[in-house]
Amino acid sequence: MIKISYTIGLSTIQDLGRDENYRHGVSIGGAMDRLALQMGNALLGNAKTAAAIEVTLFPIKFEILSSVNIAVTGADCAIELDGKQINPNWAFHAEKGQTLSLSKLNSGSFAYVHLAGGIDVPEVLGSRSTYLRCAFGGLDGRMLQNGDVIKSLPEADPFPPIAPGGFGAISPALALPQPSHASVGTNDAITMLRYLPAAEHDYFDKASLDALVTAPWQITPQSSRAGYRLAGPNLAMTDKLEMRSHGIVPGVIQVPPGGAPIIQTADSQTSGGYPKIGTVIDADMWRLAQTRIGNQICFQKTSYEEALAAYREMNKFIDKVRALSKAYRDLLK
Amino acid sequence: MTKTVSAKAVSEDDVQKIIALAKDAHVQELSLHEGSMHVRVVLTREAEASRNAPQGFAEVNNLMEVVAPLAAQFLPHHPCHPNSGVRVGQSVRRGDLIGFLLSGPLLTPLVSPCNGVISQLLAEPNMRVGYGTALVSIAKKI
């Protein structure tokens, strides 16, 4: 059990989201960086779908109300337990009375604080994720506030306190390096996103299709958990296209009439009427989530086969973290 | 001493238990056969040292040597923070992180067992090290 002792807002409880009610217009939601969420659960031996605290604004501080094993994953930020530095993507034991703080961001956007067993809030429509727009899920459907007490569920496979020093995993950015980009090459300062052409891809003019894959795009402040609006060359269509609203999913790159694309993210609406030029592949959505507002991204066209291969590679990484974490925890028992 | 071990059941834990049993029984060498499998365990001085250091360290000539508790790649600093990591001459306190072992994607810590000063880095950065390999020596502060 932990208490939020200091927050400036926007942090919420998230899991892998809810996709059973998409047909009823309920967003999938869930963690912006689903890979980081799964990694924390893997380190602690939690269920794959267990919920964690998604930290959006820093600093945030927690008072430990009862001893608990914790993992912090996602953004590389300054993590301290009673002033002692903790590594990124790390599992450790915290004693009652200690203070856990997450502050200065080195890289990334979203950090995840996991408790052994997963966070105990009621499931709503099959998920513990907070959906702020509709004010349900998570803790009373709202962002976390000072004084909130967060409880954990009983562990399926109870584990004693993690030994001093803790343990962790290498960051996904090291384990799954982004491929080289045809125009940008290998440049870690620019996030490379692979996309599959979407239904209206071929309705865009040649200059726009070229610009999509050659230009660096900047993530604008008009971005949120629902979507990232980009700044760059304006994308135009060869002819005006009349479209009815249709289903969209996280990853879809919509192009409104102004020509500035929007990438749908976790809290994406379920339908939209703008033309879709592409869809960012699932295996790269965590890279987008961890790219900060003001930073640049670039697009590279890929194939369905490559998208599946990247997805499998990502899952293989998580499976390895889970299996080796279990072996190490068993070794410590 | 005769012990039958199923090939499927042999894990690193089992090997460590076998080493412990062998040492307690003053046995220097064990051969295990099953079908086409043949495992030969020779109790070396390093294995004895690690057996005596279940916490991952051993005291040698008034220096505390931190040894690898598992086979892995030795990293003197966290991969995300290449400018961190301990240096020779640096003071450390009991419980401080003094390096990492990388095994697949898993990072496990090397923790200082005592207050003292880093005397020597005994393994090269990124080197593959075996179970019981001495990695860092610390001059104990008395």
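Notes on the structure in this doc start here. Everything numeric here is computed off the predicted structure, so don't read it as measured data. Along each chain, residues carry numbers from 1 onward, in the same order as the chain's sequence is written. Lettering for chains starts from A, numbering for ligands starts from 1, and both go in the order in which the items are written. In view of the model being predicted, local features appear only for residues whose pLDDT reaches at least 70, and side-chain atom pairs are presented and counted only at 80 or more, with totals across whole chains, interfaces and linings using the full set of residues. Values shown for side chains rest on all heavy atoms present in the structure; no hydrogens or waters enter the calculation.

Scanning chain B from terminus to terminus reveals two helices and 11 strands. Helix and strand labels come from DSSP, where a helix needs a run of H or I of at least four residues and a strand needs a run of E of at least two; each type is numbered from the N terminus. Counting from the amino terminus, helix and strand elements in chain B follow one another as α-β-β-α-β-β-β-β-β-β-β-β-β. A burial count over chain B gives 36% of its 142 residues as buried. Roughly 8,200 Å² of accessible area belongs to chain B as shown, and the carbon and sulfur atoms make up 50% of that amount. In this scheme, a residue with accessible area under 20% of its type's maximum is buried, one over 50% is exposed, and one in between is partly exposed, where area comes from a 1.4 Å probe on protein chains only. Accessible areas in this description were obtained via Shrake-Rupley with a 1.4 Å probe; residue shielding takes into account the shown protein chains only.

What follows concerns the pairing of strand 13 (residues 227-231) of chain A. Residue and element names in this part refer to chain A. Across two bridges, the pairing between strand 12 (residues 217-219) and strand 13 is antiparallel. When the sheet's bridge partners are listed, Ile-219 is paired in strand 13 with Leu-230. In this sheet, strand 16 (residues 262-264) lies alongside strand 13 in antiparallel orientation, the contact comprising three bridges. In the sheet register, Gly-227 faces strand 16, and the bridge partner there is Gln-264. At least two DSSP bridges between two strands are needed for those strands to be called paired.

Residues and elements named next belong to chain A. Only the contacting stretch of a helix is used when fitting its axis, a line to C-alpha atoms as for every element, and angles between N-to-C directions run 0 to 180 degrees. Axis separation between helix 1 (residues 34-44) and helix 5 (residues 304-332) bottoms out at 7 Å; the angle between their running directions is 20°. Between helix 1 and helix 5, the interaxial angle falls into the category roughly parallel. When you trace helix 1 past helix 5, the crossing you get is right-handed. Of the residues in helix 5, those touching helix 1 at Leu-35, Gln-38, Met-39, Asn-41, Ala-42, Leu-43 and Leu-44 are Met-314, Phe-317, Ile-318, Val-321, Arg-322, Ser-325 and Arg-329. Angular relationships are summarised with four words: roughly parallel below 35 degrees, roughly antiparallel beyond 145, roughly perpendicular across 65 to 115, and oblique for the angles in between. Put simply, a crossing is left-handed when the front helix is turned counterclockwise from the back one by less than a right angle, and right-handed when it is turned clockwise. By definition in these notes, contact holds between two residues if any of their heavy atoms fall within 4.5 Å.

All right, on to the environment of A:Val121 then. All names here are of chain A. Along the chain, Val-121 falls in the loop between strand 8 (99-115) and strand 9 (149-150). Judged by relative accessible area, which is 5%, Val-121 ranks as buried. Linking Val-121 and Ala-51, residues 70 residues apart in sequence, is a C-alpha distance of 8.5 Å. Dropping the residues within four chain positions of it, Val-121 is found in contact with Ile-13, Arg-128, Gly-138 and Leu-139.

Residues belong to a common nonpolar core when they are buried Ala, Val, Leu, Ile, Met, Phe, Trp, Tyr or Cys residues joined through side-chain atoms within 4.5 Å. Ranked by internal contacts, the top residues of the largest apolar core, which has 77 residues, are A:Ile53, A:Ile70, A:Leu100, A:Leu102 and A:Ile150. Among the elements that make up this core, the one with the highest residue count is strand 5 (residues 68-81) of chain A (eight residues).

Let us now look at the interface of chain A and chain B. On the chain B side, the residues contacting the 23 residues of chain A number 19 residues. Buried surface at the junction of chain A and chain B, both sides included, amounts to about 1,600 Å², of which 69% is carbon and sulfur. Its largest share of buried area at the contact with chain B, chain A owes to A:Ile170, A:Leu324 and A:Leu331, together 26% of the area lost on that side. A pair is scored as a salt bridge if a Lys or Arg side-chain nitrogen falls within 4 Å of a carboxyl oxygen belonging to Asp or Glu. Summed over the shared surface of chain A and chain B, the number is one salt bridge. Here A:Lys84 makes a salt bridge to B:Asp96, at a shortest N to O gap of 3.8 Å. Pairs of N or O atoms within 3.5 Å make up the polar contacts considered here, provided that, within protein, one atom can donate a hydrogen while the other can accept it, and that residues adjacent in sequence are counted only when both atoms are side-chain atoms. Our count for the contact surface shared by chain A and chain B stands at three residue pairs in polar contact (both at pLDDT 80 or more). Those elements giving two or more residues to the side of chain A that touches chain B turn out to be strand 6 (84-86), strand 10 (167-169) and helix 5 of chain A. Of all the elements, helix 5 of chain A adds the most residues to the side of chain A that touches chain B, at seven residues. Sheet topology places strand 10 of chain A next to strand 8 (residues 106-111) of chain B; two bridges connect them, and they run antiparallel. Across the sheet, the residue bridging to A:Gly168 is B:Leu107, located in strand 8 of chain B. A quick way to say it: buried area is the sum, across both parts, of accessible area lost when two parts are put together, with a 1.4 Å probe.

Okay, the packing of aromatic side chains next. Each Phe, Tyr or Trp ring (for Trp, its six-membered ring) is paired with any other whose centre lies within 6.5 Å, and the angle between the two planes then decides the class: stacked below 30 degrees, edge-to-face above 60, tilted in between. The full count for this structure, using the stated rule, is five aromatic pairs over all chains. Relative to B:Phe100, the ring of A:Trp90 lies with its centre 5.7 Å away and its plane at 90°, an arrangement referred to as edge-to-face. Of the two residues, A:Trp90 sits in strand 7 (residues 90-94) while B:Phe100 sits in strand 7 (residues 97-103), which places them in two different chains. Look at A:Tyr195 and A:Phe299: their rings are 6.1 Å apart centre to centre, the planes differ by 90°, and that puts the pair in the edge-to-face class. Remark: A:Phe299 occurs in strand 19 (residues 296-301) and A:Tyr195 occurs in strand 11 (residues 190-197); sequence separation between them is 104 residues.

Here we take up the pattern of salt bridges. Residue and element names in this part refer to chain A. Summed over all chains, the structure comprises 12 salt bridges over all chains. With its nearest N and O atoms 3.9 Å apart, the salt bridge here joins Arg-142 to Asp-140. The class of Arg-142 is partly exposed, set by a relative accessible area of 23%. A residue is classified by how much of its surface remains accessible, and Asp-140, at 61% relative accessible area, is exposed. Between Asp-267 and Arg-225 there is a salt bridge, and its shortest N-O distance comes to 3.0 Å.

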